[in-house]
Amino acid sequence: METEALERPADLTIWRTLPASSPLAQPERYGTLREAIAAAAGALADPAKQPWIITEEGEILSPNWIRTYLN
């Protein structure tokens, strides 16, 4: 991933792995991909949450990608 991509906007959606009683996931827009990754890091601490990021270029970053990037 290009360094410049980290400074472009990105959408973070946190899906829940709980039963259907959970509210539907809504994407949240972040000013930079760095901010979206930081927010996703907090969600990764909860096994019931699965953060997915869509970059401005349309790349889809899975929870495993986010974990790998953070490590």
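Look above for the structure.
Cut-offs and rules
- The residue numbers shown here count from 1 along each chain, following its written sequence.
- Local features in this predicted model are restricted to residues whose pLDDT is 70 or higher, and side-chain atom pairs enter the listing and the counts only when it is 80 or higher, whereas totals over whole chains, interfaces and linings include all residues.
- Note: side-chain values were computed over all heavy atoms of the structure, leaving out hydrogens and water.
- Helix and strand assignments come from DSSP, with helices taken as H or I runs of at least 4 residues and strands as E runs of at least 2, each series counted from the N terminus.
- Distance and chemistry together define a polar contact, namely a pair of N or O atoms within 3.5 Å, with one atom able to donate a hydrogen and the other to accept it when in protein, and with adjacent residues in sequence counting only for side-chain atoms on both sides.
- At least two bridges found by DSSP between two strands is the condition for calling them paired.
- Any two rings among Phe, Tyr and Trp, with Trp reduced to its six-membered ring, count as a pair given centres within 6.5 Å; such a pair is stacked if its planes are under 30 degrees apart, edge-to-face if over 60, and tilted if neither.

J.: Even after reading the chapter, I still don't get the environment of Asn 64, so can you show me in this structure?
T.: In this fold, Asn 64 is placed in helix H2 (residues 63–70). Taking C-alpha positions, Asn 64 is 18 Å from Pro 27, a pair spaced 37 residues apart along the chain. Side chain to side chain, Asn 64 and Arg 67 meet in a polar contact 3.0 Å long.

J.: What am I meant to see in the pairing of strand E1 (residues 10–16) here?
T.: In summary, the side chains of a regular strand alternate between the two faces of the sheet. In this structure, E1 lies alongside strand E2 (residues 28–30), joined through 3 bridges in antiparallel fashion. Of the residues in E2, the one forming a bridge with Ala 10 is Tyr 30. Strand direction decides the pairing type here: E1 and strand E3 (residues 49–55), joined by 7 bridges, are antiparallel. Bridge assignment links Thr 13 to a residue of E3, and that residue is Trp 52.

J.: Whenever I open this one, the packing of aromatic side chains confuses me. Can you help?
T.: How two aromatic rings sit relative to each other is set out by the distance from centre to centre and by the angle between their planes. Under the defined criterion, the tally for this structure stands at 1 aromatic pair. Between Trp 65 and Tyr 69, the ring centres sit 5.3 Å apart and the planes meet at 5 degrees, which makes this aromatic pair stacked. Of this pair, Trp 65 and Tyr 69 are both found in helix H2, 4 residues apart, which corresponds to roughly one turn of the helix.

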